[in-house]
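Below are the chains, spelled out letter by letter.
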Amino acid sequence: MDLADTPEEAEFRARLREWLATALPALPPKPSPGDWPARRAHDLGWQRTLYDAGYGHVHWDAPPGIRLIFLEETERAGAPYVGANFVGLLHAGPTVAAEGTAVQRARWLPPILRGEEVWCQGFSEPGAGSDLAALRTRAWRDGDTYVVSGAKIWTSHAEVADWCELLVRTDAGAPRHRGITWLAMPMDAPGITVRPLRTLAGSAEFAEVFLDEVRVPVANRVGEENDGWRVTMVTLSFERGTAFVGEVVACRRVLAELAVRARRDGRWDDPALRGRLGRLNAEFRALWRLTQWNVSEAEATGGVPGVGGSVFKLRYSHARQELYDAAAEVLGDGALDLDRPWVLDRLSSLSYTIAAGTSQIQRNIVGERILGLPKGR
């Protein structure tokens, strides 16, 4: 793709900057990190503000150049991230847009864009994380409903979600990848128990979810029965291909702040540190170009990112950890103070080589689908 703004893109960038300069000072204060109901209201309020201003659709319907400008400018301006709405906006919504029926798109997509409903992701299980095809949560047909029993773990924002993108096994006798179905489960259905999980950083945005004969309408199935693995690959391609775009911009901003801090504290004279920050600058510039390429490729193939998302996810996960290791070096003893900037981000960065598909899984995808290597035995 052409890396220079077209006249239309330049006009969009200028208009967005002007709007952000007016809209952001009017936002209410950010809630306490542990108050998820308040954070839900705050995040959805921002999404509604974007929607009312004509920017709510950008994640899905805008051309790739406009989408990247939106993410770049909102991050640079310090606008709220998607927050509690990230599964709906970045995973479930794009999947429904790509794979859902007209009725499903009309039901689920507008409330996501208007900031009215939150989704969570019910994929991983205690015995099925990286090996997602090993999932055991069962669903069987009973008339026009599925009856679901099982357990999920690491379910993002389940405690404040209205809907769950849920993977279930509908044919226990089929090969592992062929007996899975993708359902949209209402989180207020009887039989659902949510138990929050506290992370190393002290937050509780993940949960265990226990399902005891939960009834989900067959009409809530996205794709055909037992075709859920294919639909899931669409979801994961969005998760790995475009969901981290804003974070690349954020990491570049943190890197610039680190350089300023190092100069202020007299650390800039250390050639090893300067070299480390310089290499990270090159890493994140390259990741931004790869992001542009991935988004452009997705646009050319009907909106679904390709396997280049795994290349990005693999390198980004490690680069992010290296960035916050460098932050700890700059902070010195302050790297142990949870109230200091970047310390909590460093703790959360440890999960990035696991979340959204482990680095080992991404290497397998790159080896098999890009390099054409045989599958391991």
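J.: Quick question: what am I supposed to make of unusual backbone geometry here?
T.: Most of the time, phi is negative for any residue but glycine, and the peptide bond is trans. Despite not being glycine, histidine 157 shows a phi value in the positive range, around 60°. Relative to the helices and strands, histidine 157 is located in the loop between β3 (145–152) and β4 (163–169).

J.: Is there a simple way to explain the packing of helix α1 (residues 7–23) against helix α4 (residues 64–76) in this structure?
T.: Any two packed helices are characterised by the angle at which their axes cross and by the distance between the axes. Taken N-terminus to C-terminus, the directions of α1 and α4 make an angle of 30°; their axes are 10 Å apart at the nearest point. Regarding the angle of α1 to α4, the classification is roughly parallel. The chirality of how α1 crosses α4 is right-handed. In this structure, α1 uses Glu9, Phe12, Arg13, Leu16, Arg17 and Leu20 to contact α4, whose residues at the interface are Gly65, Ile66, Ile69, Phe70, Glu72, Glu73, Thr74 and Arg76. Across the contact of α1 with α4, the residue classes tally to 6 nonpolar, 2 polar and 6 charged.

J.: Whenever I open this one, the pairing of β3 confuses me. Can you help?
T.: The two faces of the sheet receive side chains in turn, since in a regular strand these alternate between them. As judged from the 5 bridges shared by strand β2 (residues 138–142) and β3, these two strands associate in the antiparallel manner. Along β3, the bridge assignment pairs arginine 138 with serine 149. With antiparallel pairing between neighbouring strands as the criterion, β2 and β3 make up a hairpin whose turn holds 2 residues, including glycine 143 at a positive phi of roughly 70°. Sheet analysis places β3 next to strand β7 (residues 206–217), joined by 7 bridges and oriented antiparallel. Each bridged residue has a counterpart across the sheet, and for valine 147 the counterpart in β7 is arginine 215.

J.: How do you make sense of the packing of aromatic side chains when you look at a structure like this?
T.: Centre-to-centre distance and the angle between the planes together describe a pair of aromatic rings. Throughout the structure, instances matching the rule amount to 8 aromatic pairs. Between the aromatic rings of tryptophan 119 and tryptophan 163, the centroid separation amounts to 5.9 Å while the plane-to-plane angle is 25°, which identifies the pairing as stacked. Of the two residues, tryptophan 119 sits in strand β1 (residues 119–122) while tryptophan 163 sits in strand β4, which places them 44 residues apart along the sequence. The same class applies to tryptophan 119 as to tryptophan 163, namely buried. Taken together, Phe12, Trp19, Trp46, Tyr55 and Phe70 form an aromatic cluster joined through their ring pairs.

J.: How do you make sense of the pairing of strand β5 (residues 180–186) when you look at a structure like this?
T.: Summarising burial for β5: 7 of the 7 residues are buried, a large majority. Of the two faces of β5, the one holding Ile180, Trp182, Ala184 and Pro186 and the one holding Thr181, Leu183 and Met185 are both buried throughout. Pairing between β4 and β5: 7 bridges, direction antiparallel. Residue pairing in the sheet places arginine 169 in a bridge with isoleucine 180 of β5. In the sheet, β5 pairs with strand β8 (residues 221–222) via 2 bridges, with the strands oriented antiparallel. What sits directly across from leucine 183, in β8, is arginine 221.

J.: Could you clarify how one ought to interpret the nonpolar core in this entry?
T.: The biggest cluster of nonpolar side chains holds 24 residues, and the ones touching the most others in it are Leu89, Trp108, Trp119, Leu167 and Trp182. Here this core takes 5 residues from helix α5 (residues 86–99), the largest share from any one element. Apart from residues no more than four positions distant in its own chain, leucine 167 is found in contact with Gly122, Phe123, Leu132, Leu135, Thr137, Lys152, Ile180, Thr181, Trp182 and Thr232.

J.: I keep staring at the side chain of serine 156 and nothing clicks. Help me out?
T.: Structurally, the position occupied by serine 156 is in the loop between β3 and β4. Beyond its immediate sequence surroundings of up to four residues, serine 156 is in contact with Phe86, Val87, Trp119, Cys120, Gln121, Glu205 and Phe206.

J.: So what exactly am I meant to see when it comes to the pattern of salt bridges here?
T.: If the charged atoms of two oppositely charged side chains come close together, the side chains can form a pair. Scanning the model with the defined rule gives 22 salt bridges in all. What you see here is one network of salt bridges that share partners, running through Arg13, Arg17, Glu72, Glu73 and Arg76.

J.: Where do I start with the confidence of the model for the chain in this structure?
T.: Should pLDDT be low for a region, the predicted coordinates there are not to be read in detail. Mean pLDDT over the chain stands at 83; residues scoring 70 or higher make up 80%. Element-level pLDDT for the chain is lowest in helix α12 (residues 359–370), with a mean of 62, against a maximum mean of 97 in β3.

J.: Teacher, can you tell me more about α1 here?
T.: Since the α-helix turns once every 3.6 residues, residues separated by three or four places project in the same direction. Taking 1.5 Å per residue as the helical rise, α1 with its 17 residues ought to reach 24 Å, and the 24 Å between its terminal C-alpha atoms agrees with that figure. Among the residues of α1, those classed as buried are Glu9, Phe12, Arg13, Leu16, Leu20 and Ala23. Viewed along the axis of α1, the buried residues span an arc of 105°, placing them on a single side of the element. Turned more than 90 degrees from where α1 packs its buried face, Pro7, Glu18, Ala21 and Thr22 sit exposed. Those residues of α1 hidden inside the fold are in contact with α2 (36–52) and α4.

About the thresholds
Residues numbered from 1 in each chain as written. Predicted model: local features only at pLDDT ≥ 70, side-chain atom pairs only at ≥ 80, totals over all residues. Heavy atoms only, no water. Helix = DSSP H or I, 4+ residues; strand = E, 2+ residues; numbered from the N terminus. Axes fitted to C-alpha atoms, helices over the stretch in contact; angles between N-to-C directions. Parallel < 35°, antiparallel > 145°, perpendicular 65-115°, else oblique. Left-handed = near helix turned anticlockwise from the far one by under 90°. Contact = heavy atoms within 4.5 Å. Nonpolar A, V, L, I, M, F, W, Y, C, P; charged D, E, K, R; others polar. Pairing = 2+ DSSP bridges. Phe/Tyr/Trp six-rings, centres within 6.5 Å; stacked < 30°, edge-to-face > 60°. Buried < 20%, exposed > 50% of the residue type's maximum accessible area, 1.4 Å probe, protein only. Core = buried A, V, L, I, M, F, W, Y, C linked by side-chain atoms within 4.5 Å. Salt bridge = Lys/Arg side-chain N within 4 Å of Asp/Glu carboxyl O. pLDDT = per-residue confidence, 0-100. Expected span 1.5 Å × (residues − 1). Arc of directions from axis to C-beta.

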